[in-house]
Amino acid sequence: MSNTKTIKSALISVFHKDGLKPLVEKLNQQNVTIYSTGGTEKFIKDLGIDVVPVEDVTSYPSILGGRVKTLHPKVFGGILNRQDNQSDATQLKEYNIPQIDLVIVDLYPFEKTVASGASEQDIIEKIDIGGISLIRAAAKNFKDTVIVSSMEQYDAFLNIISENNGATTLSDRKKFAAKAFNISSHYDTAIFNYFNADHEEAALKISETNGTVLRYGENPHQKGYFFGNLEAMFDKLHGKELSYNNLLDVDAAVNLMNEFTGEAPTFAILKHNNACGFAQRASIKQAYIDALAGDPVSAFGGILIANTEIDAATAEEIHKLFCEVVIAPSFSTDALEILKGKRNRVLLVQKSIELSETTVRTCLNGMLVQDKDSKTDALEDLSYATNNKPSESELEDLLFASKICKHTKSNTIVLVKDKQLCASGTGQTSRVDALRQSIEKAASFKFDLNGAVMASDAFFPFPDCVEIAGNAGIKSVIQPGGSIKDQLSIDYCNEHNISMVLTGTRHFKH
């Protein structure tokens, strides 16, 4: 039989009727017999188009409050029969089963119902049974049947039947089948994840239907994709498309700045997922200037983020720097015009949205999943390990440094003074190397570390770090503690008038 098939009959039963009218009208013009149920049947009748109720085919009414409408052999036989199989054709004739060439059906809005905070009973009622069965049946039999499984597909399908006088090719039908199984598998994943919210079943099911092809991956020879809805996260006001590396840096920037939501004006500059500049000041302009002072070399080509509106005065300063992306809750009109002066510079307005509470990454021949590090060290978490206690301003700097440290690649040491990042040692194989890197970097940008504080993402196994830090002028230290040799570091601090607080929480970031 030919791969091209002309549609002569259609079953239409949809929840969303937006955009359905022109499709139904075209099918009617092409003399297609239309079968339908419930609200869709009424919708079609109201258009003045003949429609055959499914009940007339099955000789069985819709029952159980509409829970059972299309689940019947005369419906599924019409969809699943193999037209090149003589036995199937004989049985269709024997049982008076109509051939169904086209199925247009969508699914109850399960995810939207869950997101709305509806009751469990309302959520359960939005688990589609008939629709999902029809989608799978029609998609399975794509050689003979075409499935249109969402209103987003109406226009494309209407173009096909308009241009080909109601006919579809095998290639057309297979493409629509792939879309259908994408929808059905995503739907089942959402339902499973709802029922497995407490993760009692150690199973990982991730489904994301919004995919974007990136220019390339981490390097030009690698393919790259982003799966997710960036429009729900940002309003993009200007600039080129975000790259794979941009997205990783933007993710790091957002997670870091979320630690400072609602606080005084705070500005961060990131490069390769780590903060190279960070400051909190009375104005966002001064916060930017002091963040940039932390490392004006690394800031070139960086990702910038603020926790408050960027005004014109700040924009004038930013505009002097080549940077890839600028993120803020808002931009003043004048600031926007200034920053648009660079054609490719990406400007993003960050929206308020809940981020995932888990992290997922590939590992060996599987995947690693963990809870996100949502613990932020706070004043009440601290225990005072040394005789000398940090002053109030030192405590503020210690907690400030701890937040930055949490979002910096391990092994890391972060040096802060007066709520300004002086330097950090990032991604080093030893904590001593990370400390030395940070001290050398601070010195290269003329920072005076006398009176500065130090944060470490993990404990000190030996007192060498506090000794090196003390010699550089560090006066207070925040670290998790937990080493069997903690006392050696504490003793050194006591002997050299350095205060130390312990958080009890390690913040490795690999």
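Heads up: the structure comes first, above all this text.
Thresholds, definitions, all that
Residues numbered from 1 in each chain as written. Predicted model: local features only at pLDDT ≥ 70, side-chain atom pairs only at ≥ 80, totals over all residues. Heavy atoms only, no water. Buried < 20%, exposed > 50% of the residue type's maximum accessible area, 1.4 Å probe, protein only. Helix = DSSP H or I, 4+ residues; strand = E, 2+ residues; numbered from the N terminus. Contact = heavy atoms within 4.5 Å. Salt bridge = Lys/Arg side-chain N within 4 Å of Asp/Glu carboxyl O. Pairing = 2+ DSSP bridges. Axes fitted to C-alpha atoms, helices over the stretch in contact; angles between N-to-C directions. Parallel < 35°, antiparallel > 145°, perpendicular 65-115°, else oblique. Left-handed = near helix turned anticlockwise from the far one by under 90°. Nonpolar A, V, L, I, M, F, W, Y, C, P; charged D, E, K, R; others polar. Core = buried A, V, L, I, M, F, W, Y, C linked by side-chain atoms within 4.5 Å. Expected span 1.5 Å × (residues − 1). Phe/Tyr/Trp six-rings, centres within 6.5 Å; stacked < 30°, edge-to-face > 60°. Lys NZ or Arg CZ within 6 Å of the ring centre and 35° of its normal.

> Hey, could you run me through helix H8 (residues 130-140) in this one?
One full turn of an α-helix is made of 3.6 residues, so residues set three or four places apart face in the same direction. Summarising burial for H8: eight of the 11 residues are buried, a large majority. For H8, the full list of buried residues reads Gly130, Gly131, Ile132, Leu134, Ile135, Ala137, Ala138 and Ala139. Tucked inside the fold, the buried residues of H8 contact strand E2 (9-13), helix H4 (73-80), strand E5 (102-105), strand E6 (146-148) and helix H10 (170-195).

> Explanation requested: the pattern of salt bridges in the structure shown.
Oppositely charged side chains are able to pair whenever their charged atoms sit close together. Overall, the coordinates contain 15 salt bridges when judged by the stated rule. For lysine 320, the salt bridge goes to glutamate 317, with nearest N and O atoms at 3.3 Å.

> What's the story with the side chain of threonine 168 in this structure? I'm lost.
Topologically, threonine 168 is positioned in strand E7 (residues 167-168). Ignoring any residue separated from it by four or fewer positions in sequence, one finds threonine 168 in contact with Asn3, Thr4, Lys5, Ile7, Phe157, Ile160 and Arg173.

> How do you make sense of the pairing of strand E13 (residues 302-306) when you look at a structure like this?
Remember that side chains alternate between the two faces of the sheet whenever the strand is regular. Across the five residues that make up E13, a large majority, five, are buried. Every second residue of E13 is oriented toward a common face, with Gly302, Leu304 and Ala306 on one face and Ile303 and Ile305 on the other, all of them buried. One ladder, built from four bridges, connects strand E11 (residues 266-271) with E13; its direction is antiparallel. Counterpart to isoleucine 269 in the pairing with E13 is leucine 304. Across four bridges, the pairing between E13 and strand E14 (residues 323-328) is parallel. The residue bridging isoleucine 305 from the neighbouring strand is isoleucine 327, located in E14.

> I'm lost on the environment of phenylalanine 278 in this one. Help?
In this fold, phenylalanine 278 is placed in strand E12 (residues 274-280). As for phenylalanine 278 and cysteine 422, which are separated by 144 residues in sequence, their C-alpha atoms are 8.4 Å apart. Phenylalanine 278 has contacts with Leu256, Met257, Phe260, Thr266, Phe267, Ala268, Ala291, Phe400, Ile404, Lys419, Gln420 and Leu421, leaving out every residue within four places of it along the chain.

> Looking at this structure, I do not really get the sheet that holds strand E4 (residues 52-53). What am I missing?
If you walk across this open sheet you meet the five strands as E4-E3-E2-E5-E6, and the pairing is parallel. Of all strands in the sheet, those bounded by a partner on one side alone are E4 and E6. With three bridges connecting them, E5 and E6 associate as parallel partners. Residue pairing for E6: isoleucine 104 is matched across the bridge by valine 148. Contacting E2, E5 and E6, H8 runs over the sheet at an angle of about 150° to E5.

> Help me understand the packing of helix H18 (residues 464-472) against helix H19 (residues 486-495), please; the structure alone is not making it clear to me.
Where H18 meets H19, the closest approach of the two axes is 9 Å, and the angle between their N-to-C directions is 25°. Comparing the axis directions of H18 and H19 gives the class roughly parallel. Seen along the crossing, H18 lies across H19 with a hand that is right-handed. Judged by residue contacts, Val466, Glu467 and Asn471 of H18 engage Ser489, Tyr492 and Cys493 from H19. When grouped by side-chain class, the residues that make up the contact of H18 with H19 number three nonpolar, two polar and one charged.

> Help me out: how do you make sense of the nonpolar core in this one?
Across soluble globular proteins, you tend to see nonpolar side chains buried next to one another. Membership of the largest hydrophobic core comes to 37 residues, with the highest contact counts inside it found for Phe278, Ile305, Val325, Ile327, Ile404 and Val414. Aside from chain neighbours lying at most four places away, what touches isoleucine 327 is Phe234, Val250, Ala253, Ile303, Leu304, Ile305, Ala306, Ile310, Leu348 and Gln350.

> Explanation requested: helix H12 (residues 244-257) in the structure shown.
Here H12 is 14 residues long and its end C-alpha atoms lie 20 Å apart, about the 20 Å a rise of 1.5 Å per residue gives. Most of H12 is tucked away, with 10 of its 14 residues classed as buried. Of the positions making up H12, those classed as buried are Asn246, Leu247, Asp249, Val250, Ala252, Ala253, Val254, Asn255, Leu256 and Met257.

> Sorry, what's going on with the packing of aromatic side chains here?
Remark: the centre distance and the inter-plane angle together describe each pair of aromatic rings, the angle taken between the planes. Counted by the stated rule, this structure contains 11 aromatic pairs. Between tyrosine 194 and phenylalanine 195, the ring centres sit 5.4 Å apart and the planes meet at 85°, which makes this aromatic pair edge-to-face. A residue is classified by how much of its surface remains accessible, and tyrosine 194, at 22% relative accessible area, is partly exposed. An aromatic cluster of three or more residues is present, and its members are Phe110, Tyr187, Tyr194 and Phe195. Its guanidinium or amino end placed over the ring of phenylalanine 192, lysine 205 lies 5.4 Å from that ring's centre, counting from NZ or CZ. The cationic tip of lysine 403 hangs over the ring face of phenylalanine 260; the distance from NZ or CZ to the ring centre is 4.7 Å.

> Where do I start with the sheet that holds strand E19 (residues 413-416) in this structure?
In any sheet, the strands associate via hydrogen bonds between backbone groups, in a parallel or an antiparallel arrangement. Spatially, six strands are ordered E18-E23-E22-E21-E19-E20 in an open sheet, and the strand pairing comes out mixed. What marks the edges here is a single partner per strand, and that holds for strand E18 (383-384) and strand E20 (421-425). Two strands pair when backbone bridges link them, and E19 and strand E21 (residues 453-456) are joined in this way by four bridges, in the antiparallel orientation. Bridge pairing in E21 places valine 414 opposite alanine 455.

> What is the right way to look at the packing of helix H1 (residues 20-29) against helix H9 (residues 154-163) in this model?
Packed helices, taken two at a time, are described by the angle their axes make and the gap between the axes. H9 packs onto H1 with a crossing angle of 20° between their chain directions and a minimal axis gap of 10 Å. Judged by the inter-axis angle, H1 sits roughly parallel to H9. Once H1 is placed against H9, the crossing between them reads as left-handed. Between H1, through Leu20, Pro22, Leu23, Lys26 and Leu27, and H9, the contact on the second element is made entirely by Tyr154, Phe157, Leu158, Ile161 and Ser162. Considering only residue class, the contact of H1 with H9 consists of eight nonpolar, one polar and one charged.

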